[in-house]
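# Structural features, examined
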Amino acid sequence: MKGLLTSLITVLAFAGLNAQLPPSSPKVVIGLTIDQLRTDYLEAFASLYGERGFKRIWKEGRVFAQASYSFGKVDRASAIAAIYSGTTPSVNGIIANQWLDLHTLRPTGCVDDPAFMGNYTNESSSPARLLVSTLADELKIATRNKALVYAIAPFRDAAILAAGHAGDGAYWLNTQTGKWCGTTYYKDFPWWIGQYNDRNRVRRPITGTLMNDEVNALATEMFEKSDMGKDDITDLLALTYYAGDYADAYSQEGAQSIQEAYVRMDRNLAELLDLIDRKVGLNNALIFITSTGYAPGEAADFDLYRIPGGQFYLNRCAALLNMYLSATYGAGQYVEAFYEQQIYLNHKLIENKQLSLVDVQEKAADFLIQFSGVNEVYSAHRILLGAWTPDISLIRNGYHRKRSGDLQIEVLPGWSVINENVPDEKFVRHAYMSTPIIFMGYQLKPAIIQTPVTIEHIAPTLANFLRIRGPNACKLPPLTNVR
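Keep in mind that what you see is a predicted model, and the values were worked out from it rather than measured.

Of regular secondary structure, the chain possesses 16 helices and 20 strands. Across its three principal axes, the chain shows a C-alpha extent of roughly 100 × 55 × 45 Å. Considering only contacts in the chain between residues 6 or more positions apart, those separated by 24 or more positions represent 69%. Here the chain has roughly 22500 Å² of accessible surface; of this, 53% comes from carbon and sulfur atoms. Within the chain, the 49 negative side-chain charges are centred at a point lying 7 Å from the centre of the 45 positive side-chain charges.

On to the environment of Asn283, then. On the secondary structure map, Asn283 appears in the loop between helix H10 (252-279) and strand S10 (285-291). Among the residues examined, Asn283 registers a relative accessible area of 62% and is labelled exposed. In the structure, Asn283 is positioned 94 residues away from Val377 in sequence and 51 Å away in space, judged by C-alpha atoms.

The subject of this paragraph is the packing of helix H11 (residues 314-329) against helix H13 (residues 357-368). As a packed pair, H11 and H13 sit with axes 10 Å apart at the nearest point and diverge in direction by 125 degrees. If you check the angle between H11 and H13, you find them oblique. Note that H11 runs across H13; the crossing there is right-handed. The segment H11 lies against H13, with Cys317, Leu320, Leu321, Tyr324, Leu325, Thr328 and Tyr329 engaging Asp359, Val360, Lys363, Ala364, Phe367 and Leu368.

So, on to the sheet that holds strand S17 (residues 424-427). With mixed pairing, three strands are arranged side by side in an open sheet as S11-S16-S17. Unpaired on one side and paired on the other, strand S11 (310-313) and S17 mark the two borders of the sheet. Neighbouring strand axes in the sheet, compared pairwise and without regard to direction, differ in orientation by 25 degrees on average. Pairing between strand S16 (residues 415-419) and S17: four bridges, direction antiparallel. Across the sheet, the residue bridging to Ile418 is Glu425, located in S17. Its contacts with the sheet put H11 on S11 and S16, and the angle it makes with S11 is roughly 50 degrees.

Going through the model one piece at a time under the given rule, you end up with 18 aromatic pairs. Taken together, a centroid distance of 5.7 Å and an interplanar angle of 80 degrees make the contact between Tyr69 and Phe71 edge-to-face. By relative accessible area, which is 9% here, Tyr69 ends up buried. Note on Phe71: relative accessible area 3%, which makes it buried. Judged by centre distance (4.4 Å) and plane angle (5 degrees), the ring pair of Tyr324 and Phe367 falls under stacked. Residue Tyr324 is found in helix H11, and its partner Phe367 is found in helix H13; the two are separated by 43 residues along the sequence. Given the relative accessible area of 26%, Tyr324 is considered partly exposed. On the basis of relative accessibility, which here comes to 18%, the residue Phe367 falls in the buried class. Through pairs of rings, three or more aromatic residues link up here, namely Tyr120, Tyr150, Tyr171, Phe189 and Trp192. Against the face of Phe155 rests Arg76, its NZ or CZ located 4.0 Å from the ring centre.

Among the secondary structure elements, Gln341 is positioned in the loop between strand S12 (335-339) and strand S13 (342-345). Judged by relative accessible area, Gln341 falls into the buried class, the value being 16%. If we skip the residues at most four places from it in the chain, Gln341 touches Lys73, Leu314, Leu407, Gln408, Ile409, Glu410, Val411 and Val417.

Strand pairing in a sheet takes place through backbone hydrogen bonds and is either antiparallel or parallel in direction. Taken in spatial order, the four strands make up an open sheet running S12-S13-S15-S14, and their pairing is antiparallel. Looking at strand neighbours, the two that pair on one side only are S12 and strand S14 (374-379), the edges of this open sheet. Each strand axis lies, on average, 20 degrees off the axis of its neighbour in the sheet, ignoring direction. In terms of strand pairing, S14 meets strand S15 (residues 407-411) through five bridges, oriented antiparallel. In the strand pairing of S15, Ser379 is matched with Leu407. Lying on the sheet, H11 is in contact with S12, S13 and S15; it crosses S12 at an angle near 160 degrees.

Let us look at the side chain of Arg156. Tracing the chain through its elements places Arg156 in helix H7 (residues 156-163). Here Arg156 falls in the buried class, since its relative accessible area comes to 17%. Within the structure, the side chain of Arg156 is placed 3.5 Å from the backbone oxygen of Ser124, a separation counted as a polar contact. When sequence neighbours within four positions are dropped, the list of residues in contact with Arg156 reads Val111, Asp112, Glu123, Ser124, Ser125 and Trp172.

An α-helical turn contains 3.6 residues, so any two residues separated by three or four positions project in the same direction. The element helix H16 (residues 458-466) is largely enclosed, with a buried count of eight among its nine residues. Within H16 the residues assigned to the buried category are Ile458, Ala459, Pro460, Thr461, Leu462, Ala463, Phe465 and Leu466. Where H16 is buried, its residues contact strand S1 (28-35), helix H4 (76-85), helix H6 (135-142), S10 and strand S18 (435-441). Once H16 finishes, Arg467 follows within two positions and takes phi at roughly 60 degrees, a positive value.

With that out of the way, let us pick up the packing of H4 against H7. Interaxial distance between H4 and H7 falls to 9 Å at its minimum, and their mutual angle equals 15 degrees. Classified by the angle their axes make, H4 and H7 are roughly parallel. Considering the relative orientation of H4 and H7, their crossing is right-handed. Judged by residue contacts, Arg76, Ala77, Ile80, Ala81 and Tyr84 of H4 engage Asp157, Ala158, Leu161 and Ala162 from H7. Looking at the contact of H4 with H7, its residues break down into seven nonpolar, no polar and two charged.

In total, this model carries zero disulfides according to the counting rule given. Just so you know, Cys181 is unpaired, no disulfide at all, and the nearest cysteine sulfur is the one on Cys110, 16 Å from it. Here Cys181 falls in the buried class, since its relative accessible area comes to 1%.

Each value, and the rule that gives it
- Residues numbered from 1 in each chain as written.
- Predicted model: local features only at pLDDT ≥ 70, side-chain atom pairs only at ≥ 80, totals over all residues.
- Heavy atoms only, no water.
- Helix = DSSP H or I, 4+ residues; strand = E, 2+ residues; numbered from the N terminus.
- Contact = heavy atoms within 4.5 Å.
- Areas by Shrake-Rupley, 256 points an atom, 1.4 Å probe, with all protein chains shown as cover.
- Lys, Arg positive; Asp, Glu negative; His and termini not counted.
- Charge placed at Lys NZ, Arg CZ, Asp CG, Glu CD.
- Buried < 20%, exposed > 50% of the residue type's maximum accessible area, 1.4 Å probe, protein only.
- Axes fitted to C-alpha atoms, helices over the stretch in contact; angles between N-to-C directions.
- Parallel < 35°, antiparallel > 145°, perpendicular 65-115°, else oblique.
- Left-handed = near helix turned anticlockwise from the far one by under 90°.
- Pairing = 2+ DSSP bridges.
- Phe/Tyr/Trp six-rings, centres within 6.5 Å; stacked < 30°, edge-to-face > 60°.
- Lys NZ or Arg CZ within 6 Å of the ring centre and 35° of its normal.
- Polar contact = N/O pair within 3.5 Å; in protein donor to acceptor, adjacent residues only side chain to side chain.
- Nonpolar A, V, L, I, M, F, W, Y, C, P; charged D, E, K, R; others polar.
- Disulfide = S-S within 2.5 Å.

This is how it looks when you write it as structure tokens:
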């Protein structure tokens with residue numbers, strides 16, 4: 001009898017303990033990527049924020065303040081692909097929002113796909129050019145397709161790359177009509193989005209941080225009308241905010257516009273956190289927040305400051321290179337195309353002339369390095385097989401051998417890169433831009449951590465939390481000091 005009583009007390013004690021334990025996994029993972037968020041701006045306007053937005057995540061979140069991207073020339077598409085795949089463009093294939101198609105020699109979008117029509121848009125899209133699996137894909141596989149996976153963003157590439165190959169839907173704004181768009185790649189367009197679009201009948205362009213209001217509005221609609229976060233199977237909702245680019249940021253008007261945008265975004269974040277708390281509870285949600293880690297191009301510095309600079313003409317450079325190679329190897333169109341400081345050589349011509357592609361690349365690089373404003377020229381051979389250096393590592397991680405050019409030209413900071421054929425002008429600045437990674441909610445203890453980490457740690461860390469496989473090209477271990 002005494003033994004039976006002891007066993008009964010033990011069972012009841014464990015039953016009481018289990019009743020107090022949190023669920024074994026969060027009901028929902030919320031990923032918020034803020035496009036072009038700058039930590040210096042975030043800190044500059046801290047005194048203007050309320051207590052429920054940026055200040056709250058800094059107090060309640062696990063903040064990795066020194067995060068960075070381990071590849072160069074980051075933009076929105078390459079950043080979001082890296083966040084959700086846990087690897088760099090050299091493997092996942094998303095080297096930029098656009099790149100030059102080697103077959104057509106025309107720029108192509110990273111999610112363009114003529115095989116799938118659009119909903120509320122004439123854009124044809126799919127994630128087919130993303131070459132690896134994502135966190136969203138692995139969650140669908142682990143739950144046998146039962147998890148709900150959606151992505152909402154102001155931009156098409158951000159939504160589709162976050163939703164991945166196996167997601168239930170990716171939705172982005174048609175900024176001209178104010179309607180939410182989708183693609184027939186994913187399953188049926190949800191009735192509640194069509195209903196939301198019908199309620200907003202006024203055709204109006206939506207730009208700037210106003211787009212964040214719309215992201216929140218559709219997220220609210222999703223929590224109210226779908227089964228997101230309503231069962232014991234972890235769902236994923238990937239959101240993107242827009243921090244905005246501003247002309248003449250150093251003028252009084254530009255600075256005021258930036259300040260207003262960040263204060264408005266603080267309110268958006270507060271509304272989102274309150275929405276999550278109401279619908280699933282912050283303790284049942286695992287939230288991560290980060291930035292795309294790049295800043296928009298700036299205007300050249302005024303002459304009165306006497307900062308060294310100049311203008312580098314990409315089209316003229318390509319024409320002179322072709323003349324030089326023709327004089328060296330015989331007449332021909334050796335330079336097939338140029339795009340975004342990259343030169344694409346004519347491989348078929350080089351093969352027909354029985355020339356060494358490596359020799360032609362290196363001779364071209366030696367010629368280009370002599371141009372005014374050129375700091376360095378990297379050949380494909382040097383990027384892929386050359387000796388390792390920190391600079392080469394950044395370039396190599398952002399280079400894909402079937403999508404990038406034969407030559408990458410690095411222009412000196414302070415110079416402007418001009419393409420007269422478009423026309424287009426970009427001011428070069430190499431200043432470091434810090435990026436935070438913030439985890440918040442489910443079983444997390446707040447802390448501010450200064451240990452440097454890379455963005456590719458996000459996907460394996462979340463996979464570890466969810467007890468699922470990491471994305472198939474993700475080699476980094478999860479962050480260990482998160483829980």
